[in-house]
Amino acid sequence: MTDSTKRIIAALAMVLCLVAQAWGRDFVDMAGRSVAIPDRVARVVTLGAVPVINGFLFALGRRDALVNGLPSELARKFQYVFAPELAGKPIVQGAEKGLAVEDIVSLKPDVVLTMDLATARKLGEIGLPVVYLRWTAPEDVKALMALLGDILGRSKEAGDYAAYFDETMTRVSALIDPLPPALRPRVLYVNLRRLTQPHRIADWWIAKAGGRSMTDDGREQESLTFSLEQMLNWDPEVMIVADQGEAKMAYDDPRFQNISAVRGRRVHVAPAGAHLWANRTIEQPLTLLWAVSVIHPELVSQERLKAEMTAFYNRFFHKSLSRDQIDEILAGSIGR
Amino acid sequence: MKFSPARSADRLRGDLALAVLAGLLVLLTLFSLTLGRYPVSLETILDILTKSGHASEAARDATARTVVLMVRLPRIVAAVLIGAGLSLSGLAYQTIFRNPMASPALLGVSAGAAFGASVALLLRLSTLLVQGAGFIGGLAAVTIALTANRAINARSIVTLVLCGMVVSALFQALISIVKYVADPVETLPTITFWLMGSLAKITVSDAVVLSGPILVCGLALYLNRWRIGLLALGEHEAATMGVDVRRMRMAVIFLATLMSAATVCVAGVIGWVGLLIPHLARASFGMEPGRLAISTALLGSIFLLAVDDLARSISVVEVPIGVLTALIGAPFFLLFLLRSRQGRWA
């Protein structure tokens with residue numbers, strides 16, 4: 001072997017090493033797709049349910065990696081409180097899930113995260129490293145965080161979160177399990193404008209928090225639409241709505257006046273932090289505690305809930321929130 | 001005029017048939033009041049409707065009162081008004097354009113009104129402004145269709161329908177733009193579902209707002225039924241009989257468009273009623289203007305109320321009524337055309 005041949009082989013080996021370092025590992029995402037991702041992930045694009053996915057990165061301490069902004073219709077104030085730098089970032093998705101593919105490519109992402117399988121396949125076909133994240137069953141969030149922790153080099157944080165999730169479940173179960181069925185009120189999470197229960201996960205946290213969810217019919221699809229008469233027939237004792245406008249609507253509309261929850265002034269607005277707590281969000285353990293505090297106020301006090309929130313955002317989001325900010329999250333969205 | 005026993009018997013038969021139709025509408029209304037997810041017996045319903053609130057036994061069940069008076073009754077009233085309004089406006093268009101294919105949907109009025117109203121919804125304007133915008137959109141659509149038809153100077157009945165279809169396509173495209181820029185979380189689903197046509201969200205105030213234009217315009221069309229009937233004979237014939245053709249035609253277009261737009265603003269686009277029902281009424285009750293107008297309104301009300309009953313009871317999740325009227329109306333109309341003889345309107 002001549003010297004020049006040796007030099008060429010050495011150079012090739014170096015290039016291969018660099019390439020291997022850059023394209024570190026193959027990951028299998030939650031749809032079983034294999035995706036090559038660099039060892040060091042510095043640029044992440046989040047698509048679809050942007051605030052939900054951003055929440056995962058906040059909890060893993062990797063908000064610095066986000067390179068795209070929030071579409072205006074999905075923007076929530078506390079996303080900017082937790083990650084102020086999001087305000088100036090480019091928005092890469094529009095109405096009706098329209099994606100600005102060229103803008104996404106030009107952001108040169110190390111990884112693209114989405115909870116929509118069609119998006120993952122479409123962008124995967126043009127060579128983007130897209131990871132599909134599935135959160136169908138409530139506990140999927142732990143596997144999801146483990147995968148993300150692995151990709152983003154934050155496995156310890158992902159493990160911490162899973163432990164906190166389990167520990168909160170245990171605490172809540174200890175409070176709720178002794179309750180007999182007669183003490184579990186009828187609860188309805190509802191979008192009053194469309195008469196829809198938007199997310200199946202609400203059936204889960206309502207049951208865990210000691211209520212009987214009126215929409216828990218074992219369905220496969222995410223949302224459930226029902227008639228006004230059906231709602232009157234259910235006569236929920238506790239109602240949970242997505243924003244303050246809907247709560248006002250519940251109290252003002254004469255058609256709702258005979259519903260037990262309205263008569264008993266038990267219409268509650270779901271808190272809104274990184275995302276709406278009633279839907280899928282990394283803040284789900286807090287959702288559970290909050291739900292207990294409104295369904296069984298004698299079991300979890302507001303003060304205890306607020307202390308838990310402060311500790312959660314400190315521990316996982318590395319953000320110290322003021323009392324006013326905690327109150328603002330609990331008051332929920334002001335509506336559109 | 002000579003007394004003719006045969007004609008008198010015909011008239012009696014016609015009046016009797018109208019009375020039967022009116023009775024059918026009352027029965028269907030009562031039946032519709034019993035339909036729904038909340039169980040209320042007919043006895044309780046009659047009690048709620050006939051006795052004053054606190055005295056009656058039924059009044060103790062406040063939820064049943066809410067269901068009957070605030071949920072079912074406004075919806076039934078709206079279905080009756082919309083059915084009558086769409087059918088009467090279809091009849092008016094068909095008569096003045098002397099065109100059996102004219103209807104609010106085919107002339108582009110529904111699409112125009114839907115565009116106007118969806119812009120107002122996008123801008124989150126009040127119900128009254130949504131109605132106003134819908135009316136302006138509907139009027140703009142019918143004006144464009146008529147102007148185009150006149151410019152082409154064609155006498156074929158197909159040309160006006162084609163112009164209407166072109167205008168309809170134009171406004172559909174504009175609606176797509178509105179949908180594209182709408183907030184996909186809240187406004188877009190609202191506009192999309194509303195465009196499919198539904199009576200699910202009708203409130204007492206919706207029914208009240210709707211009743212104004214339908215009753216006033218319907219009455220105005222009925223009072224002018226003979227003059228409108230003369231227009232069907234042709235412009236020249238109507239003019240020689242003392243009708244101000246231009247003014248009358250404008251007035252009829254205005255009234256029919258206002259009625260159609262009012263229905264679109266409250267319940268979205270409900271097609272086929274305005275086309276199908278006037279033909280059915282002509283085939284069953286003849287061409288005498290008074291009887292034709294009343295039978296058209298009654299048949300329209302019965303048809304839409306029955307379809308709405310279907311829409312809210314065939315599955316747990318409501319089927320949009322506009323989808324059902326198209327599914328029922330299109331094949332029915334085709335059958336109707338196949339069975340009708342050439343040269344006749346029906």
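Keep in mind it's a predicted model, so treat the numbers as computed, not measured.

Colleague: I tried to follow the overall build of chain A on my own but got confused; where do I start?
Modeller: A count of helices and strands for chain A gives 14 helices and eleven strands. Taking as baseline every contact in chain A between residues at least 6 positions apart, the subset at least 24 positions apart corresponds to 62%. Carbon and sulfur atoms form 55% of the exposed surface of chain A, whose accessible area is close to 14,400 Å². For chain A, the distance from the average position of its 40 positive side-chain charges to the average position of its 40 negative side-chain charges is 2 Å.

Colleague: Before we go on, may I ask you to explain the domain arrangement of chain A in this structure?
Modeller: How big an interface is tends to be stated in terms of accessible area lost as the parts join. Residue and element names in this part refer to chain A. Domain annotation of chain A identifies domain 1 (22–157) and domain 2 (176–331). Relative to domain 2, the C-alpha centre of domain 1 lies at a distance of 27 Å. In this assembly, 19 residues from domain 1 lie in contact with 21 residues from domain 2. Buried surface at the junction of domain 1 and domain 2, both sides included, amounts to about 1,800 Å², of which 68% is carbon and sulfur.

Colleague: Can you walk me through the sheet that holds strand β6 (residues 186–189) of chain A in this structure?
Modeller: One key point about sheets: their strands pair by backbone hydrogen bonds, in either a parallel or an antiparallel sense. Residues and elements named next belong to chain A. Judged by pairing direction, the sheet is parallel, and its four strands sit side by side in the order β8-β6-β10-β11 without closing on themselves. Taken across any chain shown, the strands that pair with only one partner, and hence form the sheet edges, are β8 (212–213) and β11 (267–269). The pairing of β6 with strand β10 (residues 238–241) spans three bridges and is parallel. Among the inter-strand pairings, Tyr189 is bridged to a residue of β10, identified as Ile240. Sitting on the sheet, helix α10 (residues 244–252) touches β10 and β11, and the angle it makes with β11 is about 170°.

Colleague: I tried to follow the interface of chain B and chain A on my own but got confused; where do I start?
Modeller: With 27 residues of chain B at the interface, the matching set in chain A holds 18 residues. Summed over both partners, the interface of chain B with chain A comes to about 2,100 Å²; 57% of that surface belongs to carbon and sulfur atoms. At the boundary of chain B with chain A, the tally comes to one salt bridge. Our enumeration of links across chain B and chain A arrives at seven residue pairs in polar contact (both at pLDDT 80 or more). Elements represented by at least two residues in the side of chain B that touches chain A include exactly α3 (62–96), α6 (157–181) and α7 (187–195) of chain B. Here the side of chain B that touches chain A is built from residues that sort into 15 nonpolar, four polar and eight charged.

Colleague: Mind showing me how you'd approach the environment of Leu70 of chain A here?
Modeller: Relative to the elements of secondary structure, Leu70 of chain A occurs in the loop between α2 (50–59) and α3 (77–82). If we ignore the near neighbours within four places in the chain, the residues touching Leu70 of chain A are Val50, Pro51, Asn54, Ala75, Gln79, Tyr80, Leu86 and Ile91 of chain A.

Colleague: Whenever I open this one, helix α8 (residues 201–208) of chain A confuses me. Can you help?
Modeller: Because each turn of an α-helix spans 3.6 residues, side chains separated by three or four positions in sequence point in the same direction. Residues and elements named next belong to chain A. With respect to burial, α8 is a largely interior element, six of its eight residues being buried. By the burial criterion, the buried members of α8 are Ile201, Ala202, Asp203, Trp204, Trp205 and Ile206. Looking at the buried side of α8, the elements it contacts are α7 (155–176), β6, β7 (196–197), β8, β10 and α12 (284–295).

Colleague: Can you walk me through empty space enclosed by the protein in this structure?
Modeller: Once rolled over the atoms, a probe with the size of a water molecule shows which space is left empty. Residues and elements named next belong to chain B. With the rule as written, the count across this model stands at one cavity of 30 Å³ or more. Taken as a whole, the largest cavity holds about 40 Å³ of empty space. For the largest cavity, the full set of lining residues is Leu86, Ser103, Pro104, Ala105, Ser110, Ile270, Gly271, Trp272, Gly274 and Leu275.

Colleague: Explanation requested: the packing of helix α5 (residues 127–152) of chain B against helix α11 (residues 245–267) of chain B in the structure shown.
Modeller: Describing two packed helices takes the angle between their axes plus the distance from one axis to the other. Residues and elements named next belong to chain B. Relative to each other, α5 and α11 sit at 135°, their axes nearing to 8 Å. In this view, α5 runs oblique relative to α11, as classed from their interaxial angle. The chirality of how α5 crosses α11 is right-handed. Where α5 approaches α11, its residues Val130, Gln131, Gly134, Phe135, Gly138, Leu139, Val142, Leu146 and Arg150 are matched on the opposing element by Arg249, Ile253, Phe254, Thr257, Leu258, Ala261, Ala262, Cys265 and Val266.

Colleague: Would you mind going over a nonpolar patch on the surface with me for this structure?
Modeller: Residues and elements named next belong to chain B. Judged by side-chain polarity, Phe193, Met196, Leu310, Ile314, Val323, Leu327 and Ile328 come together as a nonpolar surface patch covering roughly 550 Å² of accessible area. Top contributing element to the nonpolar patch by residue count: helix α14 (residues 321–339), with three residues. In this structure, Leu327 sits in helix α14.

About the cut-offs
Residues numbered from 1 in each chain as written. Chains lettered and ligands numbered in written order. Predicted model: local features only at pLDDT ≥ 70, side-chain atom pairs only at ≥ 80, totals over all residues. Heavy atoms only, no water. Helix = DSSP H or I, 4+ residues; strand = E, 2+ residues; numbered from the N terminus. Contact = heavy atoms within 4.5 Å. Areas by Shrake-Rupley, 256 points an atom, 1.4 Å probe, with all protein chains shown as cover. Lys, Arg positive; Asp, Glu negative; His and termini not counted. Charge placed at Lys NZ, Arg CZ, Asp CG, Glu CD. Domains from an automatic or database assignment. Buried area = accessible area lost by both parts, 1.4 Å probe. Pairing = 2+ DSSP bridges. Axes fitted to C-alpha atoms, helices over the stretch in contact; angles between N-to-C directions. Salt bridge = Lys/Arg side-chain N within 4 Å of Asp/Glu carboxyl O. Polar contact = N/O pair within 3.5 Å; in protein donor to acceptor, adjacent residues only side chain to side chain. Nonpolar A, V, L, I, M, F, W, Y, C, P; charged D, E, K, R; others polar. Buried < 20%, exposed > 50% of the residue type's maximum accessible area, 1.4 Å probe, protein only. 1 Å grid on protein atoms, 1.4 Å probe; cavity = no way out; pocket = protein on both sides within 12 Å on 5 of 7 lines; lining within 4 Å. Points joined across faces, edges and corners; volume = space filled by probe spheres on them. Parallel < 35°, antiparallel > 145°, perpendicular 65-115°, else oblique. Left-handed = near helix turned anticlockwise from the far one by under 90°. Patch = residues over 30% accessible without salt bridge, like charges linked within 9 Å, V, L, I, M, F, W, Y side chains within 5 Å.

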